[in-house]
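Remarks on the overall topology
Each chain, letter by letter, is given below.
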Amino acid sequence: MRISDQEMLAPSDIPYSLTPPYRVKTVEYTRPTTRDQRKQLIKEYNWSAPNLPAEYVYINMVTDSGTSAMSDRQWSAMMLGDESYFNCKSWYELKESLQKFSGMEYIIPSHQGRSGETILYEVLVGKGDIVPSNCHFTTTRAHCYHRGAEPIDITCPEYYDENNNSWFKGNIDIEALKKLFIEQGEKISVVELVVPNNLCAGQPVSMKNIREVRQVIDKYKKRDTKFFLDIARISENAWIIKKYEEGYGHKACIDIVREMCSYADAIHMSAKKAGLVNMGGFVAVNDKTLYQRLQPKIIKYDGFLTYGGMSGRDLEALAVGIIEGVNDYYLEDKQRQCDVFAKACTSRGVAVFNPACTLGIWINAGKCLPHIKPQEGPGTALAVQAYIEGGVGLTSMDSLHRGREDSSDPLNTAKIQLAPYELIRCAIPRRVYTDAHYEWCGEALAKAMEWGEKIPPYRRQVLDRPPIEYSDIGLRAFFDEYEPIFDHP
Ligand code: F0G
């Protein structure tokens, strides 16, 4: 018999703030490379770690999506996967787990996050609508454009203040939201809250903020405005609420997750993150009529209502992983890893976005390489140099790569706005790396920084390719190409 969910939360005096609640059974070997090879490779693959064949990336922190190590419990559950098309046994296991996790009644499996978003946006968002958010993830932003709606990001003012020590810099700006409702409430079909706020340095959202969004919608709505929660990494957000928001210290993270979800009309999850699986997702609602409206859409895009694009063994892995991922001991250790990683950077003079929490570490590349102007990609340049020095794969989220299009004129690339910070995201694959890996990543970044002004600025390459469609404009960072103005040291 495997250790049960309850047993995994039994009282313990072992400090999981110092040591993980699991040990390692399988290891994955990595390909040895040299600095010369890496310098050649990054040039060959267009100066971008996400473009490299992954086998040449020693520590891969490009994303935490689908990159978790699964547990013995998950692998054994997969052997029980029922691959029947309709109503397989594994579906009932998953439905029960997701209901327990979210507290929501109607569950619709989807093969990953964005396919779940597709059906919600198709049913509830239309032409001329506006969709405010604390900061849309790239795919919900694209869904807005695709539906002829306008995504509006209103992140709280604390995010823009580097010296602010709040743990909840991912919040939506409630005053700005009220103003939007008063001025344009008839256009607001949905408010989308991303918990935590991936594209704003992964910053968490407070329970108070979620509750206030619900109150603002109920008080000011001029049509049937819905509240969506994008819960890809909700469990990690719940840990920060438990630790730092008054009144939650004694609660289990799963109860905090359920309370967060209770304020929403619909939740959608890329389970590839906090679900601890390599593929999977779901949508959940409490309203039966809304569920019925969503039914034909998932069948059209992803598969039948009881598998949503996943195989039976995927359903089993998620049924187990979603509960492991909200285990308080596990989450305590996840935050411990972030702290170790942040210290590995700051102790070497590498500037880290404050606070470092939950899903990874954001490097403030603008501070590390002050000689490179924001529009010339300090994050892009530092990430490339760190790969050359130490084989670490990181994602640039600087103005060059991720500067925002102007939503009133999105096709006009001359109007791209600067990002508030020139960041690099070091996303932490779950249960994959050890403290020594984080130390090495800090070392690689520090070695990169030592080159100072010898590190080149970047520019966008002019590509011979068909014009991009209006609704896809936010996705350009994934296929645009950039080049250094002179060669890397
Ligand atoms: N929402 C958030 C907040 C995300 O971070 C992602 C994906 C999605 C939705 C879409 O989910 O990939 O399963 O379709 N984020 C990945 C990342 C790709 O690297 O941040 P998906």
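Residues numbered from 1 in each chain as written. Predicted model: local features only at pLDDT ≥ 70, side-chain atom pairs only at ≥ 80, totals over all residues. Heavy atoms only, no water.

- The name given to the protein in an unreviewed UniProt entry is Tryptophanase, with Clostridium malenominatum as the source organism.
- Its UniProt record gives the protein the following Sequence similarities (unreviewed entry) comment, quoted word for word: "Belongs to the beta-eliminating lyase family."
- Quoted verbatim from the Cofactor (unreviewed entry) field of the UniProt record, the comment on the protein reads "pyridoxal 5'-phosphate". (UniProt positions renumbered as here; feature names shortened; annotations may be inferred.)

**Examining the packing of helix H1 (residues 35-44) against helix H14 (residues 378-390)**
- In the contact formed by H1 and H14, the axes pass within 7 Å of each other and the chain directions differ by 145 degrees. Contact residues: H1 offers Arg35, Arg38, Lys39, Leu41 and Ile42, while H14 offers Val384, Gln385, Tyr387, Ile388, Glu389 and Gly390.
- For the contact of H1 with H14, the class distribution of residues is 5 nonpolar, 2 polar and 4 charged. (Axes fitted to C-alpha atoms, helices over the stretch in contact; angles between N-to-C directions. Helix = DSSP H or I, 4+ residues; strand = E, 2+ residues; numbered from the N terminus. Contact = heavy atoms within 4.5 Å. Nonpolar A, V, L, I, M, F, W, Y, C, P; charged D, E, K, R; others polar.)

**Structural notes on the domain arrangement of the protein**
- Taken domain by domain, the protein consists of domain 1 (17-64 + 328-484) and domain 2 (73-324).
- Taken residue by residue, the interface counts 35 residues in domain 1 and 42 residues in domain 2.
- Between domain 1 and domain 2 lies a buried interface of about 3200 Å² when both sides are counted; carbon and sulfur atoms form 55% of it.
- One can count 6 salt bridges joining domain 1 with domain 2. (Domains from an automatic or database assignment. Buried area = accessible area lost by both parts, 1.4 Å probe. Salt bridge = Lys/Arg side-chain N within 4 Å of Asp/Glu carboxyl O.)

**As for helix H8 (residues 234-244)**
- Across the 11 residues that make up H8, a large majority, 9, are buried.
- Of the residues making up H8, those classed as buried are Ile234, Ser235, Glu236, Asn237, Ala238, Trp239, Ile240, Ile241 and Lys242.
- Where H8 is buried, its residues touch helix H3 (89-102), helix H7 (207-220), helix H9 (253-262) and helix H12 (328-346). (Buried < 20%, exposed > 50% of the residue type's maximum accessible area, 1.4 Å probe, protein only.)

**Looking at the packing of H3 against H9**
- Where H3 contacts H9, the two axes come as close as 7 Å, and the packing angle between them is 80 degrees. Considering the angle they form, H3 stands roughly perpendicular to H9. Along its contact with H3, which presents Lys100, Phe101 and Ser102, the element H9 presents Ile254, Val257, Arg258 and Cys261.
- Residues of the contact of H3 with H9, tallied by class, amount to 4 nonpolar, 1 polar and 2 charged. (Parallel < 35°, antiparallel > 145°, perpendicular 65-115°, else oblique.)

**Some points on unusual backbone geometry**
- Note that the residue after Val195, namely Pro196, is joined by a cis bond; omega there is -15 degrees.
- Following the sequence through the fold, Pro196 ends up in the loop between strand E5 (190-194) and H7.
- Cis geometry marks the peptide bond from Asn354 to Pro355; its omega dihedral reads -5 degrees.
- Here Pro355 shows up in the loop between H12 and strand E9 (360-364).
- At Arg431, a position not held by glycine, the phi torsion is positive, near 65 degrees.
- With respect to the helices and strands, the residue Arg431 is situated in the loop between strand E12 (423-427) and helix H16 (435-449).
- The class for Arg431 is buried, based on a relative accessible area of 16%.

**Some details on the sheet that holds strand E11 (residues 395-397)**
- Read from one edge of the open sheet, 3 strands run E9-E12-E11, paired in antiparallel fashion. The sheet is open, and its two edges are formed by E9 and E11, each paired on a single side. Mean inter-strand twist for the sheet, computed between neighbouring axes without regard to direction, equals 30 degrees.
- Of the strand pairs in this sheet, E9 and E12 are connected by 5 bridges, and their pairing is antiparallel. (Pairing = 2+ DSSP bridges.)

**Quick notes on the pattern of salt bridges**
- Counted by the stated rule, this structure contains 36 salt bridges.
- Put simply, Arg430 and Asp64 hold a salt bridge, and the shortest N to O gap is 2.8 Å. Of this pair, Arg430 sits in the loop between E12 and H16 while Asp64 sits in the loop between strand E1 (59-60) and helix H2 (72-78), and the two are 366 residues apart along the sequence.
- Arg211 serves as the salt-bridge partner of Glu259, at 3.5 Å between the closest nitrogen and oxygen. With a gap of 48 residues between them, Glu259 in helix H9 and Arg211 in helix H7 connect regions that are remote in the sequence.
- Here the residues in one salt-bridge network are Asp5, Arg73, Lys100, Glu324 and Arg431, joined through shared partners.

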